Amino acid sequence: MNPERERAVTEEVVASFAGEDRLSDVLRSLVRHLHAFARDVRLTQEEWAAGIAFLTRTGHITDDRRQEFVLLSDVLGLSMLTVGINAPADPRATESTVFGPFFVEDAPHVGLGGDIAFGAKGVPCRVDGRVTDVDGAPVAGARIEVWEADADGFYDVQYDGDRTAGRGWLESGPQGEYLFWSVRPSAYPIPHDGPVGALLEATGRHPMRPAHLHFMVTAPGFRTLITHVFVAGDPHLGGDAVFGVKDSLVVDVADHGAGTAPDGRDGPWSSFTFDIRLERA
Ligand code: BEZ
Ligand code: FE
């Protein structure tokens, strides 16, 4: 096809989405960029078919427990780009990162100082901090949801059965303070036994994420914060498979010897502090 005829196809499709609504706007832009991509790589008929087969496999493995399309968006950096486009305007607010597929509604509630490990394997880890607005005024009663993988790198939902472990929620106290126990975060691979894993393998990419703990913090009058805390020194910080690391979210984790835990635990334990600044809605 000559360049003029190629352009005419694009313009004809763009013109077919003639509405003045947001959906038509988005589709006109999508068509322009998709066609530009095909022209850029001079997409062959075989490559087009391979792409369709890949998306078909992605759909077939997706169900209520496994979202391979989100995973694809994650490894292509689209998830983090969307997080960035929608980031809080105020640079003093705690930065956001990817949500990931392992959040579960109705996780158990614990009081201040409670333990959300519920038997998850790992070194006990004490996490504390304060929830404030961007000027430092305390936010009392914020709902803090936390979830993480165990020392073997698996979330509770990746095991057979319906055990809940390594997740829970608590509320910040009158001065915005919070404190809970869990386990020291571990690095782990994203699910890589499906088409997205095959794509990583075929392109020489690894599936690892650096050690992190997920937070979702909500409070009336504030924007919901979805973020992680990353462990300083993790070897995967410079190569997160889903591009989620931000320097401001990396904290030092202190490791302590046996018999020194403030609540009388007898083995080794770890601790870190993570202060959270919310932007007003
Ligand atoms: C996670 O951190 O839980 C996660 C994020 C993106 C893809 C897979 C897992
Ligand atoms: Fe995670």
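Everything discussed here concerns the structure shown above.
About the cut-offs
Residues numbered from 1 in each chain as written. Chains lettered and ligands numbered in written order. Predicted model: local features only at pLDDT ≥ 70, side-chain atom pairs only at ≥ 80, totals over all residues. Heavy atoms only, no water. Donors = N, O, S within 2.8 Å, 3.2 Å for Na, K, Ca; no water. Tetrahedral: all angles 85-135°; square planar, octahedral: opposite > 155°, others 65-115°. Buried < 20%, exposed > 50% of the residue type's maximum accessible area, 1.4 Å probe, protein only. Core = buried A, V, L, I, M, F, W, Y, C linked by side-chain atoms within 4.5 Å. Contact = heavy atoms within 4.5 Å. Salt bridge = Lys/Arg side-chain N within 4 Å of Asp/Glu carboxyl O. Helix = DSSP H or I, 4+ residues; strand = E, 2+ residues; numbered from the N terminus. Phe/Tyr/Trp six-rings, centres within 6.5 Å; stacked < 30°, edge-to-face > 60°. Arc of directions from axis to C-beta. Near = heavy atom within 4 Å. Polar contact = N/O pair within 3.5 Å; in protein donor to acceptor, adjacent residues only side chain to side chain. Areas by Shrake-Rupley, 256 points an atom, 1.4 Å probe, with all protein chains shown as cover. Nonpolar A, V, L, I, M, F, W, Y, C, P; charged D, E, K, R; others polar.

A few points about the coordination of the iron ion (ligand 2)
Binding of the iron ion (ligand 2) to the protein goes through Tyr155 (OH), Tyr188 (OH), His212 (NE2) and His214 (NE2), at separations of 1.9 to 2.1 Å. Viewed at the metal, the six donor atoms of the iron ion (ligand 2) are separated by angles of 54 to 165°, and the geometry they form is irregular. On the primary sequence, the residues serving as donors to the iron ion (ligand 2) are separated as Y-x32-Y-x23-H-x1-H. An identical accessibility class is assigned to His212 and His214; each is buried.

Section: the nonpolar core
One finds Tyr178 and Phe215 to be the most contacted residues of the largest nonpolar core, which totals 30 residues. If sequence neighbours within four positions are ignored, Tyr178 has contacts with Leu112, Val127, Asp128, Gly129, Arg130, Val131, Ile144, Leu170, Phe215, Phe274 and Ile276. If you look at the next biggest cluster of nonpolar residues, it comprises twelve residues, including Leu71, Leu72, Met80 and Val98.

Considering the pattern of salt bridges
Applying the stated criterion across every chain, the model contains 16 salt bridges. Across the pair Asp135 and Arg92 runs a salt bridge, and its minimum N-O distance is 2.8 Å. Residue Asp135 is located in the loop between strand S1 (124-133) and strand S2 (143-147), and its partner Arg92 is located in the loop between helix H5 (78-85) and S1; the two are separated by 43 residues in the primary sequence. A relative accessible area of 62% means that Asp135 is categorised as exposed. Several salt bridges share partner residues, and in doing so they unite Arg66, Glu68 and Asp193 into one network.

Here we look at the packing of aromatic side chains
Summed over all chains, the structure comprises eleven aromatic pairs. Between Phe102 and Tyr155, the aromatic rings sit 4.3 Å apart at their centres with planes inclined by 20°, giving stacked as the arrangement. Placement of Phe102 in the loop between H5 and S1 and of Tyr155 in the loop between S2 and strand S3 (167-171) is noted, with a sequence separation of 53 residues between them. With relative accessibility at 10%, the residue Phe102 sits in the buried group. Overall, Tyr155 belongs to the buried group, its relative accessible area being 0%. With centroids separated by 5.7 Å and ring planes inclined at 50°, the aromatic side chains of Trp181 and Trp269 adopt a geometry described as tilted. Here the residue Trp181 occupies a position in strand S4 (residues 177-183), and Trp269 occupies one in strand S11 (residues 269-273), the gap between them amounting to 88 residues.

Overview of H5
Taken together, the buried positions of H5 are Ser79, Met80 and Val83. Across the axial projection of H5, the buried residues extend over an arc of 95°, all falling on one side. Away from the buried face of H5 by more than 90 degrees, exposed residues Leu81 and Ile85 are located. If you follow the buried residues of H5, they end up packed against helix H4 (68-75).

Digging into the site of ligand 1
Surveying the vicinity of ligand 1 reveals the residues Leu71, Asp74, Gly100, Pro101, Phe102, Tyr155, Tyr188, Ile190, Arg209, His212, His214 and Val242. Tyr155 is positioned with one of its side-chain polar atoms (N or O) 3.3 Å from an oxygen atom of ligand 1. Measuring from an oxygen atom of ligand 1, one finds a side-chain N or O atom of Arg209 at 2.5 Å. About the coverage of ligand 1: the protein hides 100% of its 260 Å² of free accessible area. Looking at the shell around ligand 1, its residues break down into seven nonpolar, three polar and two charged.

These figures capture arrangement, not role.
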